[in-house]
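Residue-level listing of the chains:
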Amino acid sequence: MVRAAVLSGVFLAIYASWQLTRWGGAAHKTLIGDLFFMPINVAAVVAALLAARRCRAEPRARRSWQLLALALAFYLLGDVVQTYYEVVARAKPYPSLGDVGYLAFYPVALAALFRLPVTRRSPRERVTLGLDCALVALSGAVPIWYVSLGPTLAAGGQGEVAMAVSLAYPLGDMVLLVGVAALLFRGAPAGMRGALALVGVGLVGFVVTDVVFGWVTLHGTYAGGDLVDAGWMVALAFFMLAATAQPVAEAPRAPRPIAVSRRRVSWLPYIGLAANVALIVQAQRNIGATMLVVYVAVVVLVALVSVRQLVVQSELLVAQRALREAQADRALLLDRTISRGEEERVRIATELHDGPVQRLAALGYLLERSARLTRRGDGGGLMLVDEALGELGGEIEGLRRLMADLRPPVLDESGLENALRDHLATVFRQTDVKVELVGRLGAERLPPDTETVLYRVAQEALLNAAQHASAGKVCVQLERTGSSVVLSIEDDGIGFTHEQARARLRDGHFGVVGMRERIELGGGSWHLDSTPGRGTRITAMLPELGAAPESLEPCSDLDELGVSA
Amino acid sequence: MNQQVEDEEASSAQPVGGVRVLVVDDDQQVASRLRELLTDFNHTVVGIASNSIQALVLIKTLRPEVVLTDLRMPGMGGLQLAAEVMRVADPPALIVVSAYDDPSLREAARRAGAYAYVVKGTPGVQIHDAVVAAAAAQSAR
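Residues numbered from 1 in each chain as written. Chains lettered and ligands numbered in written order. Predicted model: local features only at pLDDT ≥ 70, side-chain atom pairs only at ≥ 80, totals over all residues.

J.: Help me out: how do you make sense of the sheet that holds strand β4 (residues 93-98) of chain B in this one?
T.: The pairing of strands in a sheet happens through backbone hydrogen bonds and is either parallel or antiparallel. Residues and elements named next belong to chain B. Pairing in this open sheet of five strands is parallel, and the strands run β2-β1-β3-β4-β5 from one edge to the other. For this open sheet the edge positions go to β2 (44-49) and β5 (116-119), each flanked by a neighbour on one side alone. Between one strand axis and the next, the sheet turns through 20° on average, direction left out of account. Bridge count between strand β1 (residues 20-24) and β2: five bridges; the pairing is parallel. (Pairing = 2+ DSSP bridges. Helix = DSSP H or I, 4+ residues; strand = E, 2+ residues; numbered from the N terminus. Axes fitted to C-alpha atoms, helices over the stretch in contact; angles between N-to-C directions.)

Here is the structure:
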């Protein structure tokens, strides 16, 4: 690709030097000018064929490059025939067989563009695509009509064949514009984007040169080697570069849904529209001031609509990104909910295996032994029954603990406040930590789901406080404010930084995230404030009827610590 | 109950008791209850191991005829122990005594080389029968 770029750069530089100085003499201008086309055109054909070979794995892309090679070969044929007429036969090469070659370029190049691999589309997307292509092609076609096609028709004075050929070129350009629009809107496959961008530039250059050529032939005469040739020369160079930029294609993948992106240039039709209105103003500049104002106003209106479209599109992009992030978060959360549920089952199964099942099996052996001894008339058998009874009592207690751990009965029986009081006492039983529970929930019970969520959040927060905070005092507050419930858990421990919290998350400790998720899933809000050396405060608000909370006052002994909510 | 054990029980005309057994269980209480049970049936519990590594050492030094092992233990589990035991020269017969009653675990134990699979909590006499049958099979090898 780089080598091709350098070579074509050098070649174009030589061509430019010729265009500027006409070395080789004016007598051979046409010959030299025509001959310059041969190497670059041949190079473009060969490059396109090589690109087709690199696309063996992707049949549509291969066919597309083959068709482009064919189109360029037709163009080469046109060049050769034209050179023959101009230089050897010394005849006016227009209209001639050369035009057949040139004109064949247009439909074949269009076919190449339509063979490009594209993503699958919904019917609605196809309609949008069609409209976009039509808008761009039409807004490009109007200047072609204005500059060359219309005037050619109006001028007349040619034979029928010459007229037909003269009209065929601008028509071919219109056809190519449809191809360019399709290239812009259909969305190129990732691997081909660079190559197709170069093809697009080449095509636009080609069409623009054709329009200039049309204008030149209307207002003067054209001979091979004129400056306008440079446009086609550059276009051919771009086709060649495009072909060399085609990487080895991979097998086609499953179609992706089309996303809104800046690459889908959906503002382009508006720009096309604006350009056409500007064209009207240009064409009508000799009309009266009144109409001119109207025309200018229309141009401004179209420009404003275009800008608005740009803004809408960028809003859509932002919304789309937010949606994607939300979806990713949701997937992650679901994933973790499932794995957390499974972890919990593993934990319970292990506890049952290591605890009750072993104990009961051992108890069974004990009772069997007692029966054997008793049958033998050994008094020791009865003593074993007493031992078994003691073990059975212990076992029932163990199972009760496991049960309470799964779902504390006090939560169902006497509410959140009492359950938290019991839990605080259990967690900090053998520590020097001072605990305080301030409950202002009133007599009425909260809905069961609210109680469960707040209990689990408090459980997690207290576990963190007990394990990591090195706190001297922990204060839990529960308050009903209007129609929401606020829970706050505050400690005067060592606190932590945001980085420390992130590091714990990376290590797989989802406690903090889990708390927030529980609350947010319940439609509430959750805040964590922690400063190293100054304690931690977690505030969770759950709506009972969806009202906003009033703020909680800090715990009596903690406000001098400066822990802020 | 294991089919093999049932078959052996039907033809249990062998002398009862007297088998040298090693008990492997990380639960001390279960292990000592198993020892009491086996002693009541006149077997000799040559040792108790609380994990598989210890069990492998005791198998080589105490040369039991039968090893009774738990399945789920910290570190090396019962299935892996069974596989390791089969590599010992003149290996003892191995009986898995597990809290799980699961057909695929039974199959895995059989493939690992266990002679029988007994679920924890089944009557002690079945463990006794399994030990007797396993000892007979081991000496017949």
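Moving on from the coordinates now.
J.: When you look at helix α10 (residues 289-375) of chain A in this model, what are you seeing that I'm missing?
T.: Helical periodicity: at 3.6 residues per turn, an α-helix aligns residues three or four positions apart in one direction. For α10(A), which comprises 87 residues, the first-to-last C-alpha distance of 126 Å matches the rise-based estimate of 129 Å (1.5 Å per residue) to within 8%. Considering bend angle alone, the principal kink of α10(A) is centred on L352(A) and spans about 35°; proline P356(A) follows within four residues of it. By the criterion of burial, α10(A) is predominantly exposed, with just eight of the 87 residues buried. Buried residues in α10(A) make contact with α11 (380-406) of chain A together with α2 (28-40) and α6 (124-140) of chain B. The first or second residue beyond α10(A) is G377(A), which carries a positive phi of 80°. (Expected span 1.5 Å × (residues − 1). Bend = angle between axes of the 7 residues up to and from the residue. Buried ≥ 20, exposed ≤ 12 C-beta atoms within 10 Å, placed from the backbone. Contact = placed C-beta atoms within 7 Å.)

J.: Can you walk me through the packing of α10(A) against α2(B) in this structure?
T.: Packed helices, taken two at a time, are described by the angle their axes make and the gap between the axes. Two elements in contact, α10(A) and α2(B), have axes separated by 9 Å at closest approach and are oriented at 25°. On the basis of the axis angle, α10(A) is roughly parallel to α2(B). The way α10(A) lies across α2(B) gives a crossing that is left-handed. For the pair α10(A) and α2(B), contact is made by Q358(A), A361(A), A362(A), Y365(A), L366(A), E368(A), R369(A) and R372(A) and by Q29(B), V30(B), R33(B), L34(B), E36(B), L37(B) and D40(B), respectively. Along the lines of polarity and charge, the residues of the contact of α10(A) with α2(B) split into seven nonpolar, two polar and six charged. (Parallel < 35°, antiparallel > 145°, perpendicular 65-115°, else oblique. Left-handed = near helix turned anticlockwise from the far one by under 90°. Nonpolar A, V, L, I, M, F, W, Y, C, P; charged D, E, K, R; others polar.)

J.: Please clarify how the packing of helix α5 (residues 123-155) of chain A against helix α6 (residues 160-185) of chain A should be interpreted in this entry.
T.: Residue and element names in this part refer to chain A. Where α5 meets α6, the closest approach of the two axes is 8 Å, and the angle between their N-to-C directions is 160°. Viewed along their axes, α5 and α6 adopt a mutual orientation that is roughly antiparallel. Two packed elements cross with a definite hand, and for α5 against α6 that hand is right-handed. In contact with L129, D132, C133, V136, A137, G140, A141, I144, S148, L149, T152 and L153 of α5, α6 contributes S166, L167, P170, D173, M174, L177, V178, A181, A182, L184 and F185. Split into classes, the residues belonging to the contact of α5 with α6 amount to 17 nonpolar, four polar and two charged.

J.: What exactly am I supposed to notice about the interface of chain B and chain A here?
T.: Interface size is commonly expressed as the accessible surface area that is lost when the partners come together. Contacts between the two partners involve 14 residues from chain B and, on the opposite side, twelve residues from chain A. The dominant element in the side of chain B that touches chain A, judged by the number of residues it contributes, is α2(B), at seven residues. Taken together, the residues of the side of chain B that touches chain A break down into five nonpolar, three polar and six charged.

J.: Please clarify how the nonpolar core should be interpreted in this entry.
T.: Soluble globular proteins: nonpolar side chains tend toward being buried together. Counting residues in each nonpolar core, the largest one holds 69 residues, and the members touching the most others are A44(A), A48(A), L72(A), F239(A) and M240(A). Listed by contribution, the elements that provide at least two residues to this core are α2 (29-54), α3 (59-88), α4 (97-114), α5, α6, α7 (193-219) and α8 (229-244) of chain A. If you look at the next biggest cluster of nonpolar residues, it comprises 47 residues, including L34(B), L37(B), Y115(B) and A133(B). (Core = buried A, V, L, I, M, F, W, Y, C linked by C-beta atoms within 7 Å.)

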